[in-house]
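So the chains spell out like this:
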Amino acid sequence: MAGCLSMELSDSNNESSVTGMTGPTQETDDELLLRIRSGDEEAFLSLYRRRQGALYRFALHMSSSIAVAEDVTQDVFLTVLREDCGYDPERGTLSGYLFGIARKLILRQMERGRSTVALETGGDEATLPELAVEDDPLLDLTHREGLEALRRAVQALPQRYREVVVLCDLEEVDYADAAIALGCPIGTVRSRLHRARALLLDKLKQDRNPRRAVTPLNPVRCMS
Amino acid sequence: MNCQEFWNSLPEPAAPHPHLAECPDCTSRMRRQRELAGGLRTIAGYMDGIQAPARVEARLLAAFREQSGIAGRGKTRPRWVPALTWAAALAAMIAIGALVVRERPPEAARPSSARSVELAMIETMPTTPGAMETAAEEGFLPLPGAAQLAPEEDVNMVRIELPRSAMMQVGIEVSPERASETVRADVMVGSDGVARAVRFFEVTSD
């Protein structure tokens, strides 16, 4: 599996991407949480430094607001400090749980501020856009402009597709954790991700061919 | 498997599939998906270093310490104060207890266990050159063999319960029947931890 299930580790901020472990000698998230419950400040800092980057970027991608991302990151860990935070290791990993808390906080903020920029599609799962075959919107994804266009396209996705792309493709969260975070079955994660990628390709194609987005062209034959 | 069935199976871009070998259109579509995944990974790489500002960690640390009760400890009295209090009380007990054991007449040697010692109050006050005289006026009786208080010496006042038999050591008569009962007393303890004087409540002779 690409992206979601890859296990790349980020050395820059001590984060682990998937399992809650960053190495054979490091404690799992659950072990750290146990120490946090007994008042261990070092454990709290370890967990925070391991997880804050991905949570902050997730909130930043979803809200496009530094202030919201900062508040959400802080509130997620304040929730962890509460004894009755509701985390149950039997139901999934702490990482998935943290993303789920972050998501709820983000959605709450978005409802208050209506700060979302979404590409409205009506939510009809059956109307998957056909991927372009005849032209190639991805030719410039190796260039800065192309990547910037892709980033804008991600931000323009409707919330339900944006969150799954950010989690699985950008933060490389695995499907199981994403399912916990999004509160849906793994199969739904996969189908949303598939549709989100299709929407992204369609958006990129529109950006490269703006006229086509306004008035779909029918095949015409040159008569000259 | 036809194209529709292939795409309905939600294939991952990196996963090989037999259908791709026989369908150029789906191969082309899958190539675009792979390129898209590569572009997303590049964006993820660019953003990998973005983290929450340090002030978030500082605020959370403060919240953690507050919840753990760490922050409040600095505002309370130093830890050595209660330790010193108990040490002074213990020293007073030992001093008086030693007097009781050493000088008790044989006929008064019935069991007189100090069942409990209750620390009810502690005061610290500096002495003046006439401190012992002032203390005597307040009902304190100097303990036998105890050194005089030095001028300006800090003393601790400890309230404890003692066997009534201890009153005999400072010249107060105690009936043998009541010798094992307890009586409250204020003990004046010098800065060296040695008891200097005692003041009994219920000082009426039995």
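Quick caveat, the model's predicted, so the values are computed rather than measured. (Residues numbered from 1 in each chain as written. Chains lettered and ligands numbered in written order. Predicted model: local features only at pLDDT ≥ 70, side-chain atom pairs only at ≥ 80, totals over all residues.)

Participant: Looking at this model, I keep getting lost on the overall build of chain B. Mind explaining?
Facilitator: Helix and strand counts for chain B come out as seven helices and five strands. Ordered by position in the sequence, the α and β elements of chain B form the string α-α-α-α-α-α-β-α-β-β-β-β. The proportion of buried residues among the 206 residues of chain B is 25%. Of all intrachain contacts in chain B linking residues separated by at least 6 positions in sequence, the fraction that spans at least 24 positions is 67%. (Helix = DSSP H or I, 4+ residues; strand = E, 2+ residues; numbered from the N terminus. Buried ≥ 20, exposed ≤ 12 C-beta atoms within 10 Å, placed from the backbone. Contact = placed C-beta atoms within 7 Å.)

Participant: Explain unusual backbone geometry to me, please; I cannot follow it from the model alone.
Facilitator: In terms of backbone geometry, most residues other than glycine have negative phi values and most peptide bonds are trans. Residue and element names in this part refer to chain A. We note that Ser64 has phi near 55°; this positive angle belongs to a residue other than glycine. Examined against the element boundaries, Ser64 turns out to sit in the loop between helix 2 (41–63) and helix 3 (66–81). Phi at Glu172 is positive, roughly 55°, even though this residue is not glycine. Within the secondary structure, Glu172 is located in the loop between helix 6 (159–170) and helix 7 (175–182).

Participant: What's the story with the confidence of the model for chain A in this structure? I'm lost.
Facilitator: Interpretation of this model should avoid reading the predicted coordinates in detail wherever pLDDT is low. Residues and elements named next belong to chain A. Taken residue by residue, chain A gives an average pLDDT of 76. The fraction at 70 or more is 69%. Across residues 1–23, where pLDDT falls below 50, the model places 54 contacts with residues more than four positions away in sequence or in other chains. Note on residues 115–134: pLDDT under 50 across the span, and 34 contacts to partners over four residues away in sequence or across chains. (pLDDT = per-residue confidence, 0-100.)

Participant: Which parts of the structure should I look at to understand the environment of Ala195(B)?
Facilitator: As for its placement among the helices and strands, Ala195(B) is situated in strand 5 (residues 195–200). The spacing of Ala195(B) and Ala146(B) is 49 residues in sequence and 7.2 Å in space, taken between C-alpha atoms.

Participant: Could you clarify how one ought to interpret the pairing of strand 5 of chain B in this entry?
Facilitator: In regular strands, side chains alternate between the two faces of the sheet. Residues and elements named next belong to chain B. Most of strand 5 is tucked away, with five of its six residues classed as buried. In the sheet, strand 2 (residues 141–142) pairs with strand 5 via two bridges, with the strands oriented antiparallel. The residue bridging Leu141 from the neighbouring strand is Val198, located in strand 5. With five bridges joining them, strand 4 (residues 182–189) and strand 5 adopt antiparallel strand pairing. Bridging from a neighbouring strand, Met188 pairs with Ala197 of strand 5. (Pairing = 2+ DSSP bridges.)

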